[in-house]
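Summary of structural features
One-letter residues, chain by chain:
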Amino acid sequence: MRQIPLYALAALLALAGPAWAQSVKATVTKVDQAAGKVTLDHERIPKLDMDAMTMAYKVKDPVMLKDLKSGDKIEFEVDEADGQYTVTKIRKAK
């Protein structure tokens, strides 16, 4: 039987991980369709070294806001570009 080196297995698992592995849980507190922003009461965001807080975020695509309303429980992903945080994915929590 052929053995796979540990580093190769780790790389394979990283690629095969769930698409929402970097997602953060939050509650929507406000949706501003016109500005393309959503205010979220979110848990800590480790990849940005950001504590839990309530903050307004610009969204990558305003269509993402279409079915959101205050009080919705969601999971989201956010990235930083040019000193601005932008929500890149949103889905309602199950």
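Use the structure listed above.
Here we summarise the structure given alongside this text. Everything numeric here is computed off the predicted structure, so don't read it as measured data.

1. Examining the pairing of strand β5 (residues 84-92)
As paired strands, strand β3 (residues 53-59) and β5 are joined by two bridges and run parallel to one another. Residue V59 lies in a different strand from β5, and its bridge partner there is V87. Taken together, the eight bridges between strand β4 (residues 73-81) and β5 define a ladder with antiparallel strand orientation. Its bridge partner lying in β5, A81 is registered against Q84. Hairpin remark: β4 followed by β5, antiparallel, with two residues in the connecting loop; positive phi at D82, about 55°.

2. Some thoughts on the packing of aromatic side chains
A complete count under the given rule lists one aromatic pair for this structure. Centre to centre, the rings of Y57 and F76 are 5.9 Å apart; their planes meet at 50°, and the pair counts as tilted. In this pair, Y57 is assigned in strand β3 and F76 in strand β4, connecting sequence segments 19 residues apart. With a relative accessible area of 1%, Y57 lands in the buried category.

3. Overview of the environment of D67
Topologically, D67 is positioned in the loop between β3 and β4. Residues in contact with D67, not counting those within four places in the same chain, are D72 and K92.

4. Section: the pattern of salt bridges
Pairing of side chains with opposite charge becomes possible as their charged atoms draw close. Tallied over the entire structure, the rule returns five salt bridges. Note that D49 is salt-bridged to R44, the shortest N-O span being 2.9 Å. You can call D49 exposed: its relative accessible area is 60%. Owing to a relative accessible area of 39%, R44 belongs among the partly exposed residues under this scheme. Three or more residues are tied together by salt bridges with common partners; here these are K69, D72 and K92.

Calculation criteria
Residues numbered from 1 in each chain as written. Predicted model: local features only at pLDDT ≥ 70, side-chain atom pairs only at ≥ 80, totals over all residues. Heavy atoms only, no water. Pairing = 2+ DSSP bridges. Helix = DSSP H or I, 4+ residues; strand = E, 2+ residues; numbered from the N terminus. Phe/Tyr/Trp six-rings, centres within 6.5 Å; stacked < 30°, edge-to-face > 60°. Buried < 20%, exposed > 50% of the residue type's maximum accessible area, 1.4 Å probe, protein only. Contact = heavy atoms within 4.5 Å. Salt bridge = Lys/Arg side-chain N within 4 Å of Asp/Glu carboxyl O.

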